[in-house]
Amino acid sequence: MVLESGKMLEKKKGKFSGEEVIAEFERLTQDAAAVQRETLRRILAENAAVEYLRRLGLAGRTDPDSFRACVPLATHADLEPYIARIAGGDTSAVLTAKPVTSISLSSGTTQGKRKYLLFNDELFKLTMHVYQTSFAFRNRVFPVDDGKALEFIYGSRVLATSGGLTATTATTNLYRNEEFKSTMRDIMPRCCSPDEVIFGPDYAESLYCHLLCGLLFAGEVRTVSSMFAHSLVLAFQTFERVWEELCADIRGGVLSPARVTAPAVRRAVSALLAPNPALAGEVARRCAGLSDDDWYGVIPALWPNAKYVRSIVTGSMEHYVKKLRHYAGGLPLVAMDYGASEGMVGANVEPMVPPESATFTVFPNIAYFEFIPLKTGGGGAIANECGDAAANPVGLTEVAVGEHYEVVMTTFAGLYRYRLGDVVKVAGFYNSTPKLKFVCRLNLTLSINVDRNTEQDVQLAVNGAARLLPAKKLEVVDYTSHADTSSSDPGHYVIFWELNAEASDDVLQRCCDELDRGFVDAGYMSSRKTRAIGPLELRLLQRGTFQKVLHHFFSLGAPVNQFKVPRCVVESNSGVLQVLSSNTVKIFFSSIYHDLWAAMHYCKRRTAYMLQKPTGVAVEYRSSYRCIMPPAKI
């Protein structure tokens, strides 16, 4: 039934009322401080007897002052031994009184190692609470009460710990839950693809089938989404290459045996197929026109009843917004909610706001939140890596608009004063709870001397340099960075670029110089001027290199749904560095701050180092890359 005054479209089943959900959220956020105190009391009362809190001498107290006095700030490394015991089969009350139902695995794309985190029924219920609230606000603006969703979602492999618990990603823990399926059926359009595609064993096969199922139900699709913007861009880049094969499958009513081999996936998708020459012809006609226009607006062209495109578009995903907007044409891009493997933080309750300005309103009842103040240096860069932990972190309602903080969470799933490692900026308040803008990950930084540049700083430098690329269709497909302290003295920054077409050496040299200028951190600039940091290095990669990075993570068991290109590759992530190094085709060095002789000397020394390396990477360097010298200054 359509409600008056543009209110939300309620489900015909009567199981879900968006207006009631919004009213409850309004109530929760009117006095967020009181809700926070009650949330902490519940967490501590429920877990008063757990080993971790007993060892710290909390002695059953549930007030914030006692909690902060007894329980120190913690990182995953502090809790890892306790989690390992639970994963190994310890069923005592180690971190939580309620049973742990499974283990959630982080992506591992940052450090090259996946973290184990606890998952239980309470965490599931709170996640669904966020989803329902977010949907209620979104459906006010973009009403959807029927049809289907084209969702590029992928279940991850389910492992078993030595203690018999299942271990998989947090999203897969949700997808596998029957209550999740029934709840989502009440509030969201059904996914075009059957479960066999979502949980298929091969990512490329599942992606192909998602596209095919989306075309089969093209007229019914109301929303297009994926967990990360990267996944959506990759899906439509794939579509550009395979659309003719998809049309052939639709025309003949037979699923390509070359593209899809998994028996269960073939059976499920084949059941949806029947010969449809008319649909195949219409898709082919539209694709022919789209290919002439660089596929601009492919989503509304093929799914004309779609209302919006939704994905995580903040942080490291901001790089893909431009390309995603190109594919979306005039369709709105809606930022997904703010959460992590550790738990949810906030929802996007203003879905009409563009991705670049998206904020996330914190739920005061899903966890107890604290915020470590962070200082900002020149250009707004985060100046202190560890945050001002010596000072008291402030509470949820004590944050200041415009200031930066690191998020600290105490959850119903065994995390106590846990440093999430996310940097956020307070953009304002919704009633009495803050609206956060995600900035970056705190530990993803480039640092060699007294410099410190976050992944956001890298992104800004890349964006600035990319403006020098001349051709309309020439763009940075993807990028990453590395603080190289092992191959040269002094160390220097390395920026890896993959372009979608050829660029001249002169243009790339100017881009390299502009990248160096783009790092405005005072510590970096002074270190460059005093030669405490060497000339910035730009490495041009073979096309398809970041696909190899993707497959490298897949080979390690990393989940598709959680994959994020690490924007600052640390030394311990040696597998990614190996892929990047072996696919380098040209190298440029910055000519600013240093005279020509210094840059030439540095390039020769670095080349000599690379040629001395005894392993396979050296062969790749020796045979494939070109070290381009900066032009002489007159």
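Reference entry: report on the structure contained in this document. (Residues numbered from 1 in each chain as written. Predicted model: local features only at pLDDT ≥ 70, side-chain atom pairs only at ≥ 80, totals over all residues. Heavy atoms only, no water.)

**A word on the overall build of the protein chain**
Defined as follows: Elements are defined by DSSP. Helices are runs of H or I of four residues or more, strands are runs of E of two residues or more, and each kind is numbered from the N terminus. For every residue, the accessible area (1.4 Å probe, protein chains only) is compared with the maximum for its type, and the residue is labelled buried under 20%, exposed over 50%, or partly exposed between those bounds. Accessibility throughout is a Shrake-Rupley quantity obtained with a 1.4 Å probe, and a residue counts as covered only by protein chains that appear here.
Along its length, the protein chain carries 22 helices and 24 strands. For the protein chain, the residues scored as buried account for 58% of the 634 residues in total. Working note: accessible area of the protein chain is about 24800 Å², and carbon and sulfur atoms make up 52% of it.

**A closer look at the sheet that holds strand S4 (residues 159–160)**
Short version of the rule: At least two bridges found by DSSP between two strands are what make those strands a pair. Note on contacts: a residue pair qualifies if any of its non-hydrogen atoms lie within 4.5 Å across the two residues. Here, axes are lines fitted to C-alpha atoms. For helices the fit covers the stretch in contact, and angles between N-to-C directions go from 0 to 180 degrees.
Reading across from one edge, S2-S1-S5-S4 is the order of the four strands in this open sheet, with mixed pairing throughout. What marks the edges here is a single partner per strand, and that holds for strand S2 (116–119) and S4. Both S4 and strand S5 (residues 166–169) contribute to a ladder of two bridges, which runs antiparallel. Paired with Leu159 across the strands is Ala167, a residue of S5. Of the strands in this sheet, strand S1 (102–105) and S2 touch helix H5 (residues 76–87), which is tilted by about 60 degrees from S2.

**Remarks on the sheet that holds strand S16 (residues 418–430)**
An order of S10-S11-S12-S17-S16-S15-S13-S14 is seen for the eight strands of this open sheet, with the pairing classed as antiparallel. Two strands bound the open sheet, and with one partner strand each, they are strand S10 (338–340) and strand S14 (394–395). As paired elements, strand S11 (residues 343–347) and strand S12 (residues 360–362) share two bridges and run antiparallel to each other. Residue Ala347 lies in a different strand from S12, and its bridge partner there is Thr361.

**Looking at the pattern of salt bridges**
When the charged atoms of two side chains lie near each other, side chains of opposite charge can form a pair. Applied cut-off: In the sections that follow, a salt bridge refers to a side-chain nitrogen of Lys or Arg positioned within 4 Å of a carboxyl oxygen of Asp or Glu.
As enumerated under the stated definition, the model contains 28 salt bridges in all. Glu475 is the partner of Lys323 in a salt bridge, and the nearest nitrogen-oxygen pair spans 3.3 Å. One end of the pair, Lys323, is in helix H15 (residues 321–328); the other, Glu475, is in the loop between helix H16 (455–466) and strand S20 (476–484), with 152 residues separating them in the sequence. Classification of Lys323 as buried rests on a relative accessible area of 15%. For Glu475, a relative accessible area of 23% puts it in the partly exposed group. Three or more residues joined by partner-sharing salt bridges are found here, namely Arg42, Glu46, Lys98 and Glu122.

**Thoughts on the packing of aromatic side chains**
Selection rule: Ring pairs are drawn from Phe, Tyr and Trp, using the six-membered ring of Trp, whenever the two centres fall within 6.5 Å, and their geometry is named by plane angle: stacked under 30 degrees, edge-to-face over 60, tilted for the rest.
Here the structure, examined in full by the defined rule, presents 21 aromatic pairs. Note on Tyr52 and Tyr82: the rings are 5.2 Å apart at their centroids and 90 degrees apart in plane angle, and the pair reads as edge-to-face. Of the two residues, Tyr52 is situated in helix H3 (residues 51–55) and Tyr82 in helix H5; the sequence distance between them amounts to 30 residues. A residue is classified by how much of its surface remains accessible, and Tyr52, at 7% relative accessible area, is buried. A residue is classified by how much of its surface remains accessible, and Tyr82, at 13% relative accessible area, is buried.

**Focus on the environment of Leu207**
With respect to the helices, strands and loops of the structure, Leu207 is situated in helix H10 (residues 203–216). For Leu207, a relative accessible area of 3% translates into the label buried. As a C-alpha pair, Leu207 and Leu234 span 27 residues in sequence and 9.4 Å in three-dimensional space. Beyond its immediate stretch of four places on either side in the chain, Leu207 contacts Phe152, Tyr154, Ala235 and Thr238.

By themselves, these are just geometric observations and shouldn't be taken as functional.
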